[in-house]
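Structure assessment
For reference, the chains in residue letters:
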Amino acid sequence: MDEKLNILDLNALDQSHLEHLDPETQALVRRRHHTLGADSLLFYREPLHLVRGSGPWLYDTRDRAYLDCYNNVASLGHCHPHVVEAIARQAGTLAINSRYLYDVLYAYAEKLLATMPGALSRLAMTCTGSESVDLALRIARHYTNAAGIIVSNHAYHGNTTAVAEISPSSSLSVPIGLQVRTVAAPDSYRNPVPDIGARFAADVRRAIAELQRHGIKFAGMIVDSVFSSDGIFTEPPGFLAEAVEAVRAAGGLYIADEVQPGFGRTGASMWGFQRHGLSPDIVVMGKPMGNGYPVAGVVTRPEILQDFARNCGYFNTFGGNPVAAAAAMAVLEVIENEGLIGNARSMGARLITGLQGLKSFYHQIGDVRGSGLFVGLEFSRPGSTEPDREMTSRAVNGLRERGVLIGTAGPHGNVLKIRPPLCITAEQVDLLVGKLAEVLEEEN
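All figures in this text were calculated on a predicted structure; none of them were measured in a lab. (Residues numbered from 1 in each chain as written. Predicted model: local features only at pLDDT ≥ 70, side-chain atom pairs only at ≥ 80, totals over all residues. Heavy atoms only, no water.)

**Focus: the nonpolar core**
By size, the foremost hydrophobic cluster in this structure holds 92 residues, and its most contacted members are Y108, L112, M221, F263, M285 and L355. With nine residues, helix α9 (residues 322-337) is the single largest residue contributor to this core. Excluding residues within four positions of it along the chain, M221 makes contact with I150, F200, V204, A243, V244, V247, L253, Y254 and I255. Core analysis: the next-biggest nonpolar cluster, separate from the first, contains 24 residues, V133, A136, I222 and L305 among them. (Core = buried A, V, L, I, M, F, W, Y, C linked by side-chain atoms within 4.5 Å. Buried < 20%, exposed > 50% of the residue type's maximum accessible area, 1.4 Å probe, protein only. Helix = DSSP H or I, 4+ residues; strand = E, 2+ residues; numbered from the N terminus. Contact = heavy atoms within 4.5 Å.)

**So, the sheet that holds strand β10 (residues 296-300)**
Pairing within the open sheet is mixed, and its seven strands lie in the order β4-β10-β9-β8-β7-β5-β6. Two strands close off the open sheet at either side, each with one partner strand: β4 (122-126) and β6 (180-183). Within this sheet the neighbouring strands show an average axis-to-axis angle of 20°, counted without direction. On the sheet, helix α3 (residues 103-113) packs against β4, β9 (282-285) and β10 and is oriented at approximately 120° with respect to β4. Along the sheet, helix α6 (residues 196-213) contacts β5 (148-152), β6 and β7 (218-224); its crossing angle with β6, the most-contacted strand, is approximately 160°. (Pairing = 2+ DSSP bridges. Axes fitted to C-alpha atoms, helices over the stretch in contact; angles between N-to-C directions.)

**Here's the deal with the pattern of salt bridges**
In the structure shown here, the tally under the stated rule is 23 salt bridges. Put simply, R190 and E378 hold a salt bridge, and the shortest N to O gap is 2.4 Å. Linking R190 in the loop between β6 and α6 with E378 in strand β12 (residues 374-379), this pair joins segments that are 188 residues apart in sequence. Taken individually, R190 and E378 each receive the classification buried, so the pair is uniform in this respect. Ionic pairing is found between E386 and R381, a salt bridge with its closest N-O pair at 3.4 Å. Look at R381 and you get partly exposed, because its relative accessible area is 26%. One salt-bridge network, held together by shared partners, links D187, R190, D367, R369 and E378. (Salt bridge = Lys/Arg side-chain N within 4 Å of Asp/Glu carboxyl O.)

**Comments concerning the packing of helix α11 (residues 389-401) against helix α12 (residues 426-443)**
The geometry of α11 relative to α12 is characterised by a closest axis approach of 9 Å and an angle of 130° between their N-to-C directions. The orientation of α11 with respect to α12, classified from their angle, is oblique. Between α11 and α12 the crossing geometry is right-handed. Taking contact as the criterion, the partners of M391, R394, A395, G398 and L399 in α11 are, on α12, K435, L436, V439, L440 and E443. Its residues placed into classes, the contact of α11 with α12 shows six nonpolar, one polar and three charged. (Parallel < 35°, antiparallel > 145°, perpendicular 65-115°, else oblique. Left-handed = near helix turned anticlockwise from the far one by under 90°. Nonpolar A, V, L, I, M, F, W, Y, C, P; charged D, E, K, R; others polar.)

**What to know about the pairing of strand β8 (residues 253-257)**
Among the five residues of β8, five are classified as buried, and the element is accordingly described as predominantly covered. Residue alternation in β8 divides its side chains into two sets, L253, I255 and D257 and Y254 and A256, and both sets are buried. Bridging between β7 and β8 involves five bridges; their strand directions are parallel. Each bridged residue has a counterpart across the sheet, and for V223 the counterpart in β8 is A256. Once the chain exits β7 it traverses helix α7 (residues 241-249) before rejoining the sheet at β8, and the crossover so formed is right-handed. Across three bridges, β8 lies against β9 in parallel orientation. Paired with D257 across the strands is V284, a residue of β9. (Right-handed = clockwise from strand over helix to strand, strands pointing away.)

**Concerning the side chain of D224**
Residue position: D224 is located in strand β7. Within the buried set, D224 has no salt-bridge partner at all; the shortest N-O distance to an opposite charge, 6.5 Å, is to K417. A distance of 2.3 Å separates a polar atom in the side chain of D224 from a polar atom in the side chain of S228. In contact with D224, other than residues within four places in its own chain, are H157, S229, D257, Q260 and P261. (Lys, Arg positive; Asp, Glu negative; His and termini not counted. Polar contact = N/O pair within 3.5 Å; in protein donor to acceptor, adjacent residues only side chain to side chain.)

**Focus: the sheet that holds strand β3 (residues 65-68)**
Either a parallel or an antiparallel arrangement is found when strands of a sheet pair, and the pairing is made through backbone hydrogen bonds. Spatial strand order, β1-β2-β3-β13: four strands in an open sheet with mixed pairing. Across the chains shown, the open sheet's two edge strands, defined by having one partner strand only, are β1 (50-54) and β13 (404-405). Pairing of β1 with strand β2 (residues 57-60), which is carried by four bridges, proceeds in the antiparallel orientation. Within the sheet, the bridge partner assigned to R52 lies in β2 and is Y59. Along the sheet, α12 makes contact with β2, β3 and β13, crossing β3 at roughly 100°.

**Examining the state of the cysteines**
Per the counting criterion, the structure on display carries zero disulfides. C69 forms no disulfide, and the closest cysteine sulfur to it belongs to C423, at a distance of 11 Å. Distance from the sulfur of C127, which forms no disulfide, to the nearest cysteine sulfur (C312) is 20 Å. We classify C127 as buried; its relative accessible area is 18%. (Disulfide = S-S within 2.5 Å.)

**Comments concerning unusual backbone geometry**
Put simply, E235 and P236 share a cis peptide bond, and its omega is -5°. Tracing the sequence through the fold places P236 in the loop between β7 and α7. Here the phi dihedral of D63 falls at roughly 65°; this positive angle occurs in a residue that is not glycine. By secondary structure assignment, the location of D63 is in the loop between β2 and β3. Positive phi, normally seen in glycine, also occurs at N145, with a value near 55°.

**A word on α6**
Along its 18 residues, α6 runs 26 Å from first to last C-alpha, staying within 8% of the 26 Å computed at 1.5 Å per residue. Of all the residues in α6, the buried ones are I196, G197, F200, A201, D203, V204, A207, I208 and L211. Considered in projection along α6, the buried side chains sweep an arc of 160° and stay on one side of the axis. Exposed side chains of α6 directed beyond 90 degrees from the buried face belong to R206 and R213. (Expected span 1.5 Å × (residues − 1). Arc of directions from axis to C-beta.)

Read these as layout, nothing more, since geometry by itself doesn't imply function.
Spelled out as C-alpha cells, the structure:
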C-alpha cells in the first residue's frame, strides 16, 4: 500500500520539474519563491496562471477556460454578481470593526440561525475556518472542564497551533496533541461491515476509554460531516448518530465541522450533519460562507456560549464586520433564490451516475461515493483495494490538460475530490465525465 501523505503533498507541484515549464511560468514561479518562499505550494504538474473567473469557469492568461470542479470556496460560482455587488455596496457605505451597532450583521445572524436546529441559536463570527475551529475547541474545553478531543485519523480542521494538533493530515512531521485520540474513518469500501455506524461508534468508545485511562477528561469529538480529508465517506445517512450518542453519554460535546460540507453542498439539506438527523452542540463554518470573501463563524447553544463569554471573553476585530456580513447574507440569498440545494441534489445524482458508468467500464476505478456535489472517486490497483496514487496523479493532470480542474483527498492521495460550484449544469457535469473518460481511455 502506498505511503500515507499529508494534505500539503496532495496534487502539489514538484519543484524539481521547474525546468520543464515554459519560460513565462518559470519566471512567475521564481518570483513567487523570492517573495513567498520556495515552499509556497502550487497545484498541478504545470501550475496555472489564472486571471479571472465567472460561474464554474476559470480563465488563464491565454483566456483558456477551465471547468472548476474542485474549488468549493466560491461555491456559488466565481464572482457571482449578487455577492460582488453586495460587497462593493457595503464597502462603499460602511466598513468598520465589529464593536459598533449595524443592522446587516443581525439580519444575517437571524437568517443563518433559522437554518439550524432550534437549540442552536447563538452565533460568534470569525474570519476563517481555522479560527472557527480554534474557538470551538476553547468553548468545548471550557464548558466541559476537560481537554480530550477525538478526531478521525486523517482529519484536517485548520492551521492554528491548537487546530493543527487535531489535524493528523496537516503534516506528518507535526505530532497530534497529547490530549487528542484518533479513530478510523468510516471506510465502507476498504473495510466493509454490515453496520458502519456501529463500528465507528465502537471506535469512538475505545478512544474515550483510552483518554480516561491516561487521566485525560473527555471534552468532545469534532468530525467533518463528510470526512472529506479522510477520502469522503457519506453513507448511509444516519451512521454518525450512535457515535454522537456515545460522545454525549461520556459527557462530551459533538462539534460538527461544516467548513466543507455546509451551505447546501450535500444536496440533502443546508448542513451535512442534517443528513444524520443530528443537532450538534457546536457547528463551525468557513470557506463557502462568503463565496470567497473571508468570513466564518461558530454556532452553538446559548448556555454554552454564555458560559464561555462570561468567564473567558471573546472578541474578533474583523469577524462579522459589515462587509463580511453583507457577503455572507448575499450567499444565503443566492442559495435560496437560485434553488442551489436542489441543483446540488439533482446534478450530484447525475454526476455519480455518470462516474459509476465509468467504473463499470474502466477497471482503474475502485469506488464512487458521495452526496450531492461532494463526490469521491477512488482509484485502486485492478483486482484489489490497494490505492493507486500514480493513476490518480495522471487523472488530475490529464483533466487539467483537458480544461477540468480536480483535486485529491485521502491518506494515500488516491481519491479524486470532486466539488464543482453548486450552479453546475447538466452539460457541464457531462463534460467532466466525458473528459475523465478520455483520460481513462488513454490508460487502456
